[in-house]
Amino acid sequence: MEIFEYAFFRNALAGLVLVGIASAIVGTYVVTRRLMFVTGGITHACFGGLGFGYYIGINPIIAAGVFAVASALGVEWMSGRQRVREDSAISVIWALGMAVGVVFIFLTSGYVPELNSFLFGNLLTISSVDLWVFGGFLVLLLGVMSLFYRPIVACAFDADYARTINLPVRLVNGMMIVLVSICVVLTLKLIGIMLLMSLFAIPQMIAEVFTSRFKPMLVLASAASLVCSVSGLFISYWSNVPASATIVVTLIAVYSVARLLSSLKRKSHRNKRQADTLLSNK
């Protein structure tokens, strides 16, 4: 328990709790709309913002946020108004963001010390300011989900039906894609570009083993994200390995166990039905 005496560990733990809940909420929406590839494009487009921020000397997180929101809205605009296939639009944004980032980092004088933190994550660098920002975003996200829960779910599951009942599908989807972009940027410092996708997908995969309804999936994904993230942080401390990678391995291990238990349960029910059928025939 002596680890709790250190402020950096307490900040890392609090940051995991806040961002774990936020990423579970956003990730459930992303998985429901099948936008994981879009999230990957936004994530890699952030690299362009990081490079640009370092080059002109501003906060790289702010620059990454601008690039993330612009890339997300760009994908929506290209796929909606310009009739470009969504996967093609994402590929363009993905490649452009990475290319711009590489160019500006190459042009930046000197060494960029924090680049590895954004690529691979460093939980132990979370500050009190980061926690306030994470907390503010989580409050905003929870407020939006509470006020617009039904339109968000309707647009996520069936956009055509949502249009028939006069819901502003484009506005709702645009609002959510902006929130997705902000969540991506805020989690960059937590687990990095390379491992960000796992926090948006694996908790939802764990929840899908047990339910296919939106609200229960939201709750289960949040619980899985919190438990696995906190467990991974403690395991990384005890084993002296990077926390972000340990969290991903923990998530995958829990998902594998959940799938195994679900498979065994289905097999048990199937064997029971077969036995009941044989007994009834006799």
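Residues numbered from 1 in each chain as written. Predicted model: local features only at pLDDT ≥ 70, side-chain atom pairs only at ≥ 80, totals over all residues. Heavy atoms only, no water.

K.L.:
Looking at this model, I keep getting lost on the environment of Val66. Mind explaining?
P.N.:
Tracing the chain through its elements places Val66 in helix H3 (residues 60–80). Accessibility expressed as a relative area gives 54% for Val66, which makes it exposed. Linking Val66 and Val185, residues 119 residues apart in sequence, is a C-alpha distance of 9.4 Å. (Helix = DSSP H or I, 4+ residues; strand = E, 2+ residues; numbered from the N terminus. Buried < 20%, exposed > 50% of the residue type's maximum accessible area, 1.4 Å probe, protein only.)

K.L.:
Quick question: what am I supposed to make of a nonpolar patch on the surface here?
P.N.:
Where nonpolar side chains cluster on the molecular surface, the patch consists of Tyr55, Ile56, Ile58, Val103, Phe106 and Leu107 and spans about 610 Å² of accessible area. Elements that contribute at least two residues to the nonpolar patch include exactly helix H2 (36–56) and helix H4 (86–107). When residues of the nonpolar patch are assigned to their parent elements, the largest contribution, three residues, is made by H4. Within the secondary structure, Tyr55 is located in helix H2. (Patch = residues over 30% accessible without salt bridge, like charges linked within 9 Å, V, L, I, M, F, W, Y side chains within 5 Å. Areas by Shrake-Rupley, 256 points an atom, 1.4 Å probe, with all protein chains shown as cover. Salt bridge = Lys/Arg side-chain N within 4 Å of Asp/Glu carboxyl O.)

K.L.:
Looking at this structure, I do not really get the nonpolar core. What am I missing?
P.N.:
Within soluble globular proteins, side chains that are nonpolar tend to cluster in buried spots. Among the nonpolar cores identified, the biggest contains 69 residues, and Ile42, Leu123, Leu141, Val180 and Leu233 are the most heavily contacted of them. Broken down by element, this core gets its largest block of residues, 13 residues, from helix H9 (residues 169–191). (Core = buried A, V, L, I, M, F, W, Y, C linked by side-chain atoms within 4.5 Å.)

K.L.:
Quick question: what am I supposed to make of the UniProt feature "transmembrane region" (unreviewed entry) in the chain here?
P.N.:
Under the UniProt annotation, the feature "transmembrane region" (unreviewed entry) is placed at residues 12–32, 52–77, 89–111, 131–149, 169–187, 193–210, 217–237 and 243–262. As annotated, residues 169–187 comprises 100% helix and 0% strand, and the C-alpha atoms at either end are separated by 27 Å. Within the segment residues 217–237, helix and strand shares are 100% and 0% respectively, and the terminal C-alpha atoms sit 30 Å apart. (UniProt positions renumbered as here; feature names shortened; annotations may be inferred.)

K.L.:
Can you help me understand the side chain of Thr28 in this one?
P.N.:
Structurally, Thr28 can be placed in helix H1 (residues 7–33). If near-sequence neighbours (up to four positions away) are discounted, Thr28 is found in contact with Gln204, Phe214, Met217, Leu218 and Ala221. (Contact = heavy atoms within 4.5 Å.)

K.L.:
Looking at this structure, I do not really get H1. What am I missing?
P.N.:
Given 3.6 residues per turn, any residue in an α-helix points the same way as the ones three and four places further on. Counted at 1.5 Å a residue, the expected span for H1 with its 27 residues is 39 Å, and the 38 Å between its end C-alpha atoms agrees. Backbone geometry just downstream of H1 places Arg34 in the positive-phi region, at approximately 60°. (Expected span 1.5 Å × (residues − 1).)

K.L.:
Help me understand the packing of helix H10 (residues 196–208) against helix H11 (residues 214–239), please; the structure alone is not making it clear to me.
P.N.:
Two quantities define a packed helix pair, namely the angle between the helix axes and the distance between the axes. In the contact formed by H10 and H11, the axes pass within 8 Å of each other and the chain directions differ by 120°. One element, H10, and the other, H11, form an angle in the oblique class. The handedness of the crossing between H10 and H11 comes out as right-handed. On H11, the residues touching Leu199, Pro203, Gln204, Ile206, Ala207 and Glu208 of H10 are Met217, Leu220, Ala221, Ala224, Ser225 and Ser229. Classifying every residue of the contact of H10 with H11 by side-chain character gives eight nonpolar, three polar and one charged. (Axes fitted to C-alpha atoms, helices over the stretch in contact; angles between N-to-C directions. Parallel < 35°, antiparallel > 145°, perpendicular 65-115°, else oblique. Left-handed = near helix turned anticlockwise from the far one by under 90°. Nonpolar A, V, L, I, M, F, W, Y, C, P; charged D, E, K, R; others polar.)

K.L.:
Is there a simple way to think about the packing of aromatic side chains in this case?
P.N.:
A ring pair, where both rings are aromatic, is described by two values, the distance of the centres and the angle of the planes. Tallied over the entire structure, the rule returns eight aromatic pairs. Ring plane angle 65° and centroid distance 5.9 Å describe the contact between Tyr149 and Phe214, whose orientation is recorded as edge-to-face. Of this pair, Tyr149 sits in helix H7 (residues 149–157) while Phe214 sits in helix H11, placing them 65 residues apart in sequence. A residue is classified by how much of its surface remains accessible, and Tyr149, at 23% relative accessible area, is partly exposed. For Phe214, a relative accessible area of 4% translates into the label buried. Positioned over the ring face of Tyr149 is Lys215, at 5.0 Å from the centre of the ring. (Phe/Tyr/Trp six-rings, centres within 6.5 Å; stacked < 30°, edge-to-face > 60°. Lys NZ or Arg CZ within 6 Å of the ring centre and 35° of its normal.)

K.L.:
Would you explain unusual backbone geometry in this entry?
P.N.:
The bulk of non-glycine residues show a negative phi, and the bulk of peptide bonds are trans. The backbone phi angle of Asn166 is positive, close to 65°, even though this residue is not glycine. The class for Asn166 is exposed, based on a relative accessible area of 68%. In this model, Asn240 sits at a positive phi of 60°, which is unusual for a non-glycine residue. If you trace the backbone, Asn240 turns up in the loop between H11 and helix H12 (243–281).

K.L.:
Is there a simple way to explain helix H6 (residues 128–147) in this structure?
P.N.:
The first and last C-alpha atoms of H6 sit 29 Å apart over 20 residues, in line with the 28 Å expected at 1.5 Å per residue. Residues of H6 that are buried: Asp130, Leu131, Phe134, Gly135, Phe137, Leu138, Leu141, Val144 and Met145.

K.L.:
I keep staring at the packing of H2 against H10 and nothing clicks. Help me out?
P.N.:
Interhelical geometry of H2 versus H10 gives an angle of 160° and a closest axis separation of 10 Å. Relative to H10, the element H2 lies roughly antiparallel. Between H2 and H10 lies a crossing of right-handed hand. Here Met36, Thr39, Gly40 and Thr43 of H2 come into contact with H10, specifically with Leu196, Met197, Phe200 and Ala201. For the contact of H2 with H10, the residue count by class is five nonpolar, three polar and no charged.

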